[in-house]
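Descriptive structure summary
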Amino acid sequence: MNKAILGILCFFIIIGVICYIPIYHNVQLNKFANQLDDVDFPENVEIVDRVKICGKLVGNGNSLDYFACVLVQTSEKQSVLEKLLNESNIVNLEAFESEK
């Protein structure tokens, strides 16, 4: 009887960990990607698409990459948009992890 309870408990712990890891990374990615929604683009900037993904994007190591971008269409010069993004309050992902 004790072995059955221990087996069931171990099963649920393993399943819980397996389900928790992707959910955790998606929450971190959403926190990071939502910063792009807070950028105040000029009126003549049209947001065409938004992409966010986490996974092994480059290389072959034991790491996970987060990628978030906004595709815009505008008549503004690239330097104006770069200045706007450099002045925005976009925080690196490490800052989110240090808030814990």
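Reading the values: rules and limits
Residues numbered from 1 in each chain as written. Predicted model: local features only at pLDDT ≥ 70, side-chain atom pairs only at ≥ 80, totals over all residues. Heavy atoms only, no water. Phe/Tyr/Trp six-rings, centres within 6.5 Å; stacked < 30°, edge-to-face > 60°. Helix = DSSP H or I, 4+ residues; strand = E, 2+ residues; numbered from the N terminus. Expected span 1.5 Å × (residues − 1). Buried < 20%, exposed > 50% of the residue type's maximum accessible area, 1.4 Å probe, protein only. Salt bridge = Lys/Arg side-chain N within 4 Å of Asp/Glu carboxyl O. Contact = heavy atoms within 4.5 Å. Disulfide = S-S within 2.5 Å. pLDDT = per-residue confidence, 0-100.

So, about the packing of aromatic side chains. Summed over all chains, the structure comprises 2 aromatic pairs. Between F11 and F12, the aromatic rings sit 5.5 Å apart at their centres with planes inclined by 70°, giving edge-to-face as the arrangement.

As a further point, take helix α1 (residues 2–33). Look at α1: 46 Å from first C-alpha to last across 32 residues, which is about the 46 Å you get at 1.5 Å a residue. When we look at burial in α1, the residues that qualify are Y24, Q28, L29 and A33.

Moving on, we come to the pattern of salt bridges. Across all of its chains, the model carries 1 salt bridge by this definition. Here R50 makes a salt bridge to D37, at a shortest N to O gap of 2.4 Å. Of the two residues, R50 is situated in strand β1 (residues 45–55) and D37 in the loop between α1 and β1; the sequence distance between them amounts to 13 residues. The exposure class assigned to R50 is partly exposed, which follows from its relative accessible area of 44%. Relative accessible area serves as the criterion here: at 43%, D37 is assigned to the partly exposed category.

On to the environment of F41, then. With respect to the helices and strands, the residue F41 is situated in the loop between α1 and β1. Note on F41: relative accessible area 18%, which makes it buried. Beyond its immediate stretch of four places on either side in the chain, F41 contacts L36, I47, V72 and L84.

Below, the discussion takes up the state of the cysteines. As used here, a disulfide is simply a covalent bond connecting the sulfur atoms of two cysteines. The final tally for this structure, using the stated rule, is 0 disulfides. Here C19 stays free of any disulfide, with the sulfur of C54 as its closest cysteine sulfur at 15 Å. Free of any disulfide, C54 has its nearest cysteine sulfur in C69, 14 Å distant.

On average, the chain scores 84 in pLDDT, and the residues at 70 or more come to 91%. By mean pLDDT, the top-scoring element of the chain is β1 (90), and the lowest-scoring one is helix α3 (residues 93–98) (59).

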